[in-house]
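Residue-level listing of the chains:
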Amino acid sequence: MVTIALTGGIGSGKTTIAQRLAELGGVILDADVFAREAVAFGTPAVRRIADRFGRDVLLPDGSLDRPALGALVFGDEEARAALNDIVHPEVRRLTGARLDEVLADDPNALVVHVIPLLVESRSNYDYEEIWVADAPAAVREERLVEGRGMTQAEARARIAAQASDEERRRIADVLIDTSAPLDETLEQVDGEWRRLAAAALRAPETQTYGV
Ligand code: ATP
């Protein structure tokens, strides 16, 4: 099994690339899905979050009030670290369990782990390769405004809250240019995938995954 990480800023085309990689045979894991699962209704993590941050972060039915929690930790490094200490181990556990399933199902699987906040989470970057969906912030801002109905101010704030394009480029093994026309981007994705698959075939014993 070979695991690559796919990251990129908001609106950079991660989902578009992941869909293509799924069509090409990749097994897609989505960090956002595990993050939601980790704090699903009734989980121990939700109870611990309520113990730490108070019942105001819960909705009347006992599920997590994500906006309320987000507002509490926004700009408060200590609170954010405390939240991460609760959520991250659970995300790692869920991811590891899923990877074990994938490995049991197909020892030669090529796994694409989509991790939007790879830089921000200070991961150990223990992946065979890191792919970065790369489009300048101005292009992404326009996409968020045109395609998702955000105001320009909202789009800018969302982009500014993340790592910079430069920080993501620094960790990239492969930069996928998503400011190009879509068919050119997909061609680049196909080429990188063929290279990766050929390399994995030459070294079938390779097994890396880092969560
Ligand atoms: P988010 O971080 O919000 O989940 P994302 O990184 O997953 O966003 P997408 O959901 O893939 O990004 O959205 C990118 C948008 O840009 C899509 O509407 C896609 O069609 C469009 N787009 C235009 N040109 C390209 C390109 N060359 N590569 C990728 N996406 C492109």
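Quick note: structure is the one above.
Residues numbered from 1 in each chain as written. Predicted model: local features only at pLDDT ≥ 70, side-chain atom pairs only at ≥ 80, totals over all residues. Heavy atoms only, no water.

**Q** Honestly, the site of the ligand in this entry has me stumped. Any pointers?
**A** Inspection of the region around the ligand gives 15 residues, with Lys14, Thr15, Thr16, Arg148 and Ala180 positioned closest. Note that an oxygen atom of the ligand is positioned 2.7 Å from one of the side-chain N or O atoms of lysine 14. Contact between the ligand and alanine 180: a nitrogen atom at 2.6 Å from a main-chain N or O atom of the residue. Taken by itself the ligand offers 640 Å² of open surface, and the protein chains cover 71% of this. Counting residues per element, the ones that place at least two in the shell around the ligand are α1 (14–23), α6 (137–148) and α9 (182–202). The leading source of residues in the shell around the ligand is α1, at three residues. A class-by-class count of the residues in the shell around the ligand yields four nonpolar, eight polar and three charged. (Near = heavy atom within 4 Å. Polar contact = N/O pair within 3.5 Å; in protein donor to acceptor, adjacent residues only side chain to side chain. Areas by Shrake-Rupley, 256 points an atom, 1.4 Å probe, with all protein chains shown as cover. Helix = DSSP H or I, 4+ residues; strand = E, 2+ residues; numbered from the N terminus. Nonpolar A, V, L, I, M, F, W, Y, C, P; charged D, E, K, R; others polar.)

**Q** Help me out: how do you make sense of the pairing of strand β1 (residues 2–8) in this one?
**A** The side chains of a regular strand alternate, residue by residue, between the two faces of the sheet. The element β1 is extensively covered by neighbouring structure, given that seven of its seven residues are classed as buried. Across the two faces of β1 the burial is the same, with Val2, Ile4, Leu6 and Gly8 and Thr3, Ala5 and Thr7 all buried. Examined bridge by bridge, β1 and strand β3 (residues 110–114) share five bridges and lie parallel to one another. Residue threonine 3 lies in a different strand from β3, and its bridge partner there is valine 111. Where β1 lies against strand β4 (residues 129–134), five bridges are found, and the strand directions are parallel. For threonine 7, the partnering residue across the bridge sits in β4 and is valine 132. (Buried < 20%, exposed > 50% of the residue type's maximum accessible area, 1.4 Å probe, protein only. Pairing = 2+ DSSP bridges.)

**Q** In this structure, what is going on with α6? I would like to understand it.
**A** Over its 12 residues, α6 runs 15 Å from end to end, which matches the ideal 16 Å to within 8%, given 1.5 Å per residue. For α6, the full list of buried residues reads Arg140, Glu141 and Leu144. For α6, the angular spread of buried residues about the axis comes to 105°, placing them on one side. Residues Ala138, Glu142, Glu146 and Gly147 are exposed on α6 and point more than 90 degrees away from its buried face. For α6, the elements touching its buried residues are α7 (152–160) and α8 (165–171). (Expected span 1.5 Å × (residues − 1). Arc of directions from axis to C-beta. Contact = heavy atoms within 4.5 Å.)

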